[in-house]
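Okay, here's what each chain looks like letter by letter:
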Amino acid sequence: MSNQHTASLLNKQPMTDLKRLFQSVSDIIFELDNEGRYLAIYGKWLNETHLDESFFIGRSVSELFGEETAFLHEQSIKTALSGTSVTYTWTYTLQNSLHYFETNLSPVHQDDAIIGVIGIARDITKQTLLNQELADKERYLQRIIDGTHVATWQWNVVTGETKFDDRWISMLGYTRSELEPLSIDTWKQLTHPDDLAKAMNLLQRVFEKKLPYYDIEIRMKHKNGHDIWIHDRGSVFSWTSANQPAVMFGTHYEITERKEMQEALKSSHDLLSYIIEHDLSNVAVFDNSMNYLYVSDQFKTHYQMNDVNLIGKNHYDVFPDIPKRWRDIHKRALAGEILSDDEDVFVRSDGRVEITKWACRPWFQADGSIGGMILYSEVINKHIELVKELEETQGILQAVMKHVPIGIAVIDFSDDLIEITYMNDLFSQIYCTTKETLQRKGHFFESIYENPVQRDIMQNRIVSDVLSGDAKKMIWESIPIERNGSIVAYVTAYSSIIPNSKQLITTVIDVTEQHQKQSEIEYISYHDYLTNLYNRRFFV
């Protein structure tokens, strides 16, 4: 360690009083000598983690945080010592918990020489975990949507802007570039004119709250020129302040095959659907008359004061429109109180609404008297938006699950155990049972297949097909479902394995009507219409 600079810069005038200020700052403020060893460290973080300043003094980052992150720290320190500020992120396990940090390092100059580094580190664990949770929710939602084979759409009713997923577009035989720019008119132009009139009438009834949701079967024009049938469902997700529809979410599910079967039966029978200065926050230090002593660059940038020297100026002269509520908060802090708010709404003079996390706390002189106040604030609009986006993502997922016209379940699968972790209402209804019955651990096959012979056959078949990993085998068509000894339904099930997991996305469709119609078609094909006796086709 250099003998010339072993003393902390903050122990020298005129910085002495700042030591007491920095002890109350949420971020971690520290000094390193030109060999990368700690000279001083400050901040509430030390008290919260029960670490003492002496734990750091004289030690290097590699000695403190291990070799795993040592290279990143050392290279960043070298960059700062070369005269360039640097910001980087890193992780550290503290008290058996992984923490994420963002650190800014800046060179310290004295007599045209760089004598060390001053750093500001922030624990960004909560923000990082929130971002990860949002990404996980979005991936989870997309996996379920992919497993259900439905397309999704989002419509801003006010602006006409629409968002169609890739499956919506490919279902009609197009690529995205062929349909862009996308709008509600894209859907209108591709929808059969007769069905469009019915759909618009139905949408109007939903907008007038005469119906809880929109549900219709329509024809849409495929790129190849033929019509395909779509089961179009959706609901209003949000309303304007004037109680008008703002945003709708919904799904498209192709039912051409079912419609064609209905048409075939109709032709035979005549029958037919989403820190101080370098601190990353706004920080200002005042004396007990509310004159600026120190202010962060971020504070000046945020309040558009980059070209103004605030030091020595009075806070109320700089911002004369500060409301009485804030002036009272400042007085209480200067009287010794520590005040804070994690989510305070502040309307600026230009009309912008900022949601702010702030803290006001006194700082003390050497004799124990209050020397002034520290104001720490952080605009957290983006954080609030992330939380809102996460909630909206969950809402979209619930809306998709509510309106999708098929049964859906997420199933944990192993050789000797099948357990349902999620299912929509329609899943249990299709199997003519209850959610509670299906979710009884270890009773999946017993809950679905009443007949023990059929149960053994289906259990062996399903387990074998899933373990094969072959998607083509994981389709079980027209399986009869018995209750009290009688067949009450025919069900077709599809499963796909969620990558890198032991979970399945399973979708089920009630094909009872199709099965009955198919049987009726076959009967008509092989029997005389008048006598009901076998016709010549039967004997060919």
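Residues numbered from 1 in each chain as written. Predicted model: local features only at pLDDT ≥ 70, side-chain atom pairs only at ≥ 80, totals over all residues. Heavy atoms only, no water.

1. Some points on the environment of Ala 409
Part 1 of the reasoning: With respect to the helices and strands, the residue Ala 409 is situated in strand E16 (residues 407-414).
Part 2 of the reasoning: Residues Ala 409 and Asp 425, 16 residues apart in the sequence, show an inter-C-alpha distance of 9.7 Å. (Helix = DSSP H or I, 4+ residues; strand = E, 2+ residues; numbered from the N terminus.)

2. Focus: the sheet that holds E16
Part 1 of the reasoning: Strand order in the open sheet formed by five strands is E17-E16-E20-E19-E18, with antiparallel pairing between adjacent strands. Here the strands that pair on one side only, and so sit at the sheet edges, are strand E17 (417-423) and strand E18 (475-483). Taken pair by pair, the neighbouring strands of this sheet meet at an average axis angle of 35°, ignoring direction.
Part 2 of the reasoning: By the bridge criterion, six bridges tie E16 to E17 in an arrangement that is antiparallel. Following the sheet pairing, Phe 413 is matched in E17 by Ile 418. (Pairing = 2+ DSSP bridges. Axes fitted to C-alpha atoms, helices over the stretch in contact; angles between N-to-C directions.)

3. Examining the sheet that holds strand E1 (residues 28-33)
Part 1 of the reasoning: In spatial order, the strands read E2-E1-E5-E4-E3; together these five strands make up an open sheet with antiparallel pairing. Both edges of this open sheet fall to strand E2 (38-42) and strand E3 (86-94), since each of them pairs with a single strand only. Strand-to-strand twist of the sheet, defined as the mean angle between neighbouring strand axes without regard to direction, takes the value 25°.
Part 2 of the reasoning: Where E1 lies against E2, four bridges are found, and the strand directions are antiparallel. By the bridge assignment for E2, Leu 32 is matched with Tyr 38.

4. Examining the packing of aromatic side chains
Part 1 of the reasoning: Here the structure, examined in full by the defined rule, presents 14 aromatic pairs.
Part 2 of the reasoning: Measuring from ring centre to ring centre gives 6.1 Å for Tyr 292 and Phe 299, while their planes differ by 65°; the resulting arrangement is edge-to-face. Taken as a pair, Tyr 292 and Phe 299 share a single burial class, namely buried.
Part 3 of the reasoning: Here the aromatic cluster, defined as three or more aromatic residues joined through ring pairs, consists of Phe 30, Tyr 38, Phe 55 and Phe 56.
Part 4 of the reasoning: Across the ring face of Trp 239, the terminal group of Lys 209 is positioned such that the distance to the ring centre comes to 4.4 Å. (Phe/Tyr/Trp six-rings, centres within 6.5 Å; stacked < 30°, edge-to-face > 60°. Buried < 20%, exposed > 50% of the residue type's maximum accessible area, 1.4 Å probe, protein only. Lys NZ or Arg CZ within 6 Å of the ring centre and 35° of its normal.)

5. Comments concerning the environment of Ile 497
Part 1 of the reasoning: Looking at the element boundaries, Ile 497 is found in strand E19 (residues 486-497).
Part 2 of the reasoning: C-alpha of Ile 497 to C-alpha of Gly 469: the two residues are 28 residues apart in sequence and 7.7 Å apart in space.
Part 3 of the reasoning: Apart from residues lying up to four places away in sequence, Ile 497 is in contact with Val 466, Gly 469, Met 474, Gln 503 and Leu 504. (Contact = heavy atoms within 4.5 Å.)

6. Concerning unusual backbone geometry
Part 1 of the reasoning: Along the chain, Glu 180 connects to Pro 181 via a cis peptide bond; the corresponding omega equals 0°.
Part 2 of the reasoning: Looking at where Pro 181 falls in the secondary structure, it is placed in the loop between helix H7 (176-179) and helix H8 (184-190).
Part 3 of the reasoning: Residue Asp 112 is not a glycine yet carries a positive backbone phi of 65°.
Part 4 of the reasoning: With respect to the element layout, Asp 112 can be found in the loop between strand E4 (97-110) and strand E5 (113-123).

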